[in-house]
Amino acid sequence: MVEILTLDEIAGRPVGGKAEGLARLRAMGLRIPPTLVLVGAESGALPDDLEARVAELGEVLAVRSSALGEDGQDASFAGQYETVLDVRGARALRAAIAQCLASVGSARAAAYRTERDASAPGPRMSIVLQRMVPARAAGVCFTADPVTHRRGRVVIDSVPGVGEALVSGHAAPDHDELRKKDGRWEPRQIAGDTPALTEGERACVAEEALRAEEAAGEPLDLEWALDRDGVLYWLQARPITTLGLDPQVLDTVPPVEGDVYTRCNVGEMMPGAVSPLTFSICARGIDVGWQDNMIELGVRSERSSENVYIGMSHGHLFINLSEGARFSTAVTGASPDRQSLAICGRLVPEVVAPPVPPLRARLPRALRQIASVVRARSHIRRMEHLVERGAIVVGEDGHSTWRAIDAEMETLYEAYARHLTVSSGAGALAPILLGILSKGSDPSPAHHAKVARLLAGATGVESADIADGARRILEALVAGGAPDGFAEWDAERARAWLEGEEGGEAGRAYRAYLDRHAHRSLRELDVRQPEWGHDPTPLVRSLQAQLRARGATAAPKAERAPPADEEPLGRLRWVAPIAHAAVRNRERSKSLLVATTVHLKRAYRALGRQLVDEGRLADPDAVFFLLHEELGELARAEPGHPLAARALARRDVLAYQESLRFPEVSVGLPEPEPPPDVEGDGRLVVGKPVSRGRVEGRGRVVHSLAEAEALRPGEILVASITDVGWTPYFAIIAGLVTDVGSAVSHGAVVAREYGLPAVLNTGNGTRAIRTGDLLRLDGDRGTVEVLERPDP
């Protein structure tokens, strides 16, 4: 039966997705054009009163398809069926209806249906008849970002005139993005000379779209038009199809609105995005250790169940500088500037100094803190005892293994608390020295260089032995211990040779090396990252790469400024032994913290295998994409629990999170920033000078240890960050440049031991420099100059 219905009459009728969406919009109180719905029509069999009924809509009409299943949650059918605009007169109206009805059997629509369900028949088609909006501007609005899947964004694309050119892909739109949490707009991207919408009009679109989202209870994909009088009409509403997991689903909330966050320091320790399990182990470990130290000093009364010091945004970790300032002020009354120098290497004026408590409150806290810091060796002995307790016992099933891991959480928290105390001794020296040299101003590159020189020369530093030990293995291989073709073998074969008796002196050096450093790795506090004792492939590959490089030109020596040109250390010289001891203690406690974490890594890998065997996880790696508490819930649940699918969805979003870059300092929880434009030859990259000397050489930009295998002697390594996992390559490079880091970072410590000029914390070195660029690296001034850029 052919009928013409109003939107009030379609309830419960099979009218298709577009008509249902319009009815929902009107029920939400949003303005839509006058609309009728033609139901049950067939080409050539239309109601006799068609023209009379549509006359009430106006002289110019829009005729739109509305098929069953269209604009649904699982499939939008966007563009598969026809829409005809600017329809005038009875003959054109009937032709437009026939065109829409026929589109249900089009080849493109049939292919779309087959792709999703090979057995799906062609759906029934209804027709939406609307008054045509004389649009001055039109477009689409998503109440979540359909590309990145961030639920905290409203995305508006707009064009002048009607929106058909936009949705068909024939016109480039203006692009606006609104951040829901603070109502701030990102910088506009304008396609033409002037924007299609005024700022007030885009705000109106966003406000009404958010009303629709709240009423619908889910993110929406909406089409709209603004008439010549500026009246906003909504033309379509449907769920955003294939919307993946929100990459901000595990974001933390700042304890105080307006807190200032930084990627410095924590971005060096944990570059890039982290897995959820690493967040709930490493980030939570740092935060609980921080809180426990505050409780010990009398600043807090109890632990918070939420992180206060380590925040997370889009899977990346950040330090809350404001929380750090509140702590240091409560204990010593110190200015936030000292903390900023320790963590960021510069003053951070965005951090507001909190009120200073009276001396009677601060003095006992400060005395307890000093007493704890000077007992560094006692903390280290306790951490050694925690490591010596041995591996976590794997249970007979997943739940019992999880319970065994859970019982060791307090051990982990104690290790973090003690490491934070020990490392604070080394961390406090650099800002104190910089403050003395700069007399309270922002330190200059010369000040950083002088502090770096003061910190150089420490002996017995455990992380330095990572590079020295690798060099000893390499020397044994070069001395005739390596069989022909060893450097070209696959890593598994090379590893087997080194671990076997045929490895000779090189094999003995390799095995002794792993005895000392089997717990170390790249991103070593990331529980997903295998330690060298579990998978030494990165170490073996680095040895092979260095062996191949021995046939190339020897590395140029860094040009050092004559001693007479150096400003004497003067009265600061007495600090050197104290600084060296603090660095040794920090590196030892870091190693013990890593060893404690390795006990957890091994237990979680076993848990992952058990949960797969029990039918609770799809694969062992998925264990790293649930929080510790969620794993306990999954281990108790029946197979098929939704947490298993959640783990896979989180793993899928990690690649997007890894691609993001953030400003060094942010007020409020950080938001990703677009990559800056980098222009051609001669660009000067400026960072922090952390190891003195000058050298020229070809740059090699490296984003992973696998890429580092291509390093050749004399090249300058340019990386986002280098931790201890990179140090075997320090034996062949001529200099080091990183995006993040500081004078007391692991890369800086080892660079100084090797006499490598190094500039860290450039912010954009890996983007400004290209592999093959001829560079002049000045470790005295903190600059890297691109002298020559080869043709692409």
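A quick note: this is a predicted structure, and the numbers were derived from the prediction, not measured.

A.B. asks: I tried to follow the overall build of the protein on my own but got confused; where do I start?
C.D. replies: The helix and strand tally for the protein stands at 25 helices and 23 strands. Within the protein, the proportion of its 792 residues that are buried is 55%. Excluding contacts between residues fewer than 6 apart, the proportion of contacts in the protein whose partners are at least 24 apart in sequence is 69%. As presented, the protein carries roughly 33,200 Å² of accessible surface, and 51% of it is formed by carbon and sulfur atoms.

A.B. asks: It is not clear to me how the sheet that holds strand 21 (residues 758-760) should be interpreted in this structure. Could you clarify?
C.D. replies: Picture the strands of a sheet paired through backbone hydrogen bonds; they go either parallel or antiparallel. Sheet architecture is open: eight strands sit in the order 16-23-22-18-19-20-21-17, paired in mixed fashion. Strands with a single pairing partner mark the edges of an open sheet, and in this sheet they are strand 16 (684-686) and strand 17 (688-691). Ignoring which end each strand starts from, the neighbouring axes of this sheet average 30 degrees apart. Sheet analysis places strand 18 (residues 694-702) next to strand 22 (residues 774-778), joined by five bridges and oriented antiparallel. Bridge assignment links Val695 to a residue of strand 22, and that residue is Leu777.

A.B. asks: For this particular structure, what's the right way to read the pairing of strand 6 (residues 135-142)?
C.D. replies: On a regular strand, one side chain projects to one face of the sheet and the next to the other, so that they alternate. Of all eight residues making up strand 6, seven are buried, and the element is well covered by its neighbours. Across seven bridges, the pairing between strand 6 and strand 10 (residues 220-227) is antiparallel. Directly across from Phe142, in strand 10, lies its bridge partner Asp221. As paired strands, strand 6 and strand 7 (residues 153-160) are joined by six bridges and run antiparallel to one another. The partner of Val140 across the bridge, within strand 7, is Asp157.

A.B. asks: How should the environment of Ile127 be read in this particular structure?
C.D. replies: Tracing the backbone shows Ile127 in strand 5 (residues 125-131). Note on Ile127: relative accessible area 0%, which makes it buried. C-alpha separation for the pair Ile127 and Leu101, spaced 26 residues apart in sequence, amounts to 7.8 Å. If near-sequence neighbours (up to four positions away) are discounted, Ile127 is found in contact with Leu36, Val37, Leu38, Val63, Arg64, Ile97, Cys100 and Leu101.

A.B. asks: I would appreciate a short explanation of the sheet that holds strand 6 in the present structure.
C.D. replies: Spatially, the six strands line up as an open sheet ordered 9-8-7-6-10-11, and their pairing is antiparallel. Each edge of the open sheet is held by one strand with a lone partner, namely strand 9 (184-185) and strand 11 (232-239). Sitting on the sheet, helix 6 (residues 199-216) touches strand 6, strand 7, strand 8 (174-179), strand 9, strand 10 and strand 11, and the angle it makes with strand 10 is about 140 degrees.

A.B. asks: Could you clarify how one ought to interpret the packing of aromatic side chains in this entry?
C.D. replies: For any pair of aromatic rings, the description rests on two quantities: the centre-to-centre distance and the angle between the ring planes. Under the criterion given, the structure shown has six aromatic pairs. Taking 3.7 Å as the distance between ring centres and 0 degrees as the angle between the ring planes, the aromatic pair formed by Trp290 and Tyr309 counts as stacked. Here Tyr309 lies in the loop between helix 8 (276-297) and strand 13 (310-313) and Trp290 lies in helix 8, a separation of 19 residues in the sequence. The same class applies to Trp290 and to Tyr309, which are both buried. One residue, Arg31, lies across the ring of Tyr233, its end atom 5.9 Å from the ring centre. Directly above the ring of Trp185 sits Arg202, whose terminal nitrogen or CZ lies 4.1 Å from the centroid.

A.B. asks: Can you help me understand the confidence of the model for the protein in this one?
C.D. replies: Any region with low pLDDT has predicted coordinates that should not be read closely. Residues at a pLDDT of 70 or more form 87% of the protein, whose mean pLDDT is 86. Here residues 112-116 is modelled with pLDDT under 50, and outside its nearest four sequence neighbours on either side it reaches 13 contacts, counting other chains as well.

Parameters at a glance
- Residues numbered from 1 in each chain as written.
- Predicted model: local features only at pLDDT ≥ 70, side-chain atom pairs only at ≥ 80, totals over all residues.
- Heavy atoms only, no water.
- Helix = DSSP H or I, 4+ residues; strand = E, 2+ residues; numbered from the N terminus.
- Buried < 20%, exposed > 50% of the residue type's maximum accessible area, 1.4 Å probe, protein only.
- Contact = heavy atoms within 4.5 Å.
- Areas by Shrake-Rupley, 256 points an atom, 1.4 Å probe, with all protein chains shown as cover.
- Pairing = 2+ DSSP bridges.
- Axes fitted to C-alpha atoms, helices over the stretch in contact; angles between N-to-C directions.
- Phe/Tyr/Trp six-rings, centres within 6.5 Å; stacked < 30°, edge-to-face > 60°.
- Lys NZ or Arg CZ within 6 Å of the ring centre and 35° of its normal.
- pLDDT = per-residue confidence, 0-100.

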